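# Observations on the three-dimensional arrangement
Spelled out, the chains give:
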Amino acid sequence: MGLDSVELVMGFEEAFGLAIPDRDAAQLITPRHVLEYVAARLPMAPTDGCATQRTFYALRRGLRAAGVAQVELRPATPLPMLANRWGWTVLWTRVRTTAGEPGWPEQVPWPRRGNTGPRTLAGLARYVA
């Protein structure tokens, strides 16, 4: 094993918090070998997704259950496509109730110039999460 390989192995040890014995390091010839070796020794983390992703899907379910079916619900969907300014409070209350998420805020500001209210579904997911 050359000096470059030793430096690479030391870099892997540092980056992943592993101790790689010399006999194992000699077997790490290709990137695939390194990947499989490191993956086999790292603890598995739960893959529940991030908080905003989970919130977006819960929002989408709540919106569908609240009767918003005619609009394609994507992260970039503007909130004014879902309701107008005067209907927003009623829709948000229904979404919050039908999604079964009592921890969500009771009110979400309507998006308009000068306030920090969310403007899209992605923004709403971040706001709620």
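Residues numbered from 1 in each chain as written. Predicted model: local features only at pLDDT ≥ 70, side-chain atom pairs only at ≥ 80, totals over all residues. Heavy atoms only, no water.

Across its full length, the protein holds six helices and zero strands. Ordering the α and β elements of the protein from the N terminus gives α-α-α-α-α-α. Computed over C-alpha atoms, the radius of gyration of the protein comes to 24 Å, more than 25% over the 14 Å expected from 2.2 N^0.38 for 129 residues, which places it beyond the range of a compact globule. By residue count, 29% of the 129 residues in the protein fall in the buried class. Nonlocal contacts in the protein, meaning residues at least 24 apart in sequence, comprise 49% of its contacts between residues at least 6 apart. In the form shown here, the protein has an accessible surface area of approximately 8,900 Å², with 55% of it arising from carbon and sulfur atoms. (Helix = DSSP H or I, 4+ residues; strand = E, 2+ residues; numbered from the N terminus. Rg over C-alpha atoms; globule rule 2.2 N^0.38 Å. Buried < 20%, exposed > 50% of the residue type's maximum accessible area, 1.4 Å probe, protein only. Contact = heavy atoms within 4.5 Å. Areas by Shrake-Rupley, 256 points an atom, 1.4 Å probe, with all protein chains shown as cover.)

We now examine helix α4 (residues 51–65). Relative to the 21 Å expected for 15 residues at 1.5 Å per residue, α4 spans 21 Å between its end C-alpha atoms, a close match to the ideal helical length. Considered for burial, the residues of α4 that qualify are Thr55, Phe56, Ala58, Leu59, Gly62 and Leu63. Looking at the buried residues of α4, the elements they touch are α5 (88–98) and α6 (121–128). Positive phi shows up at glycine 67, right after α4, with a value of about 105°. (Expected span 1.5 Å × (residues − 1).)

We now examine the packing of α4 against α5. Where α4 contacts α5, the two axes come as close as 8 Å, and the packing angle between them is 115°. One finds that α4 runs roughly perpendicular with respect to α5. Between α4 and α5 lies a crossing whose hand is right-handed. In this structure, α4 uses Leu59, Gly62, Leu63 and Ala65 to contact α5, whose residues at the interface are Leu91, Trp92, Val95 and Thr98. The residue makeup of the contact of α4 with α5, split by class, is six nonpolar, two polar and no charged. (Axes fitted to C-alpha atoms, helices over the stretch in contact; angles between N-to-C directions. Parallel < 35°, antiparallel > 145°, perpendicular 65-115°, else oblique. Left-handed = near helix turned anticlockwise from the far one by under 90°. Nonpolar A, V, L, I, M, F, W, Y, C, P; charged D, E, K, R; others polar.)

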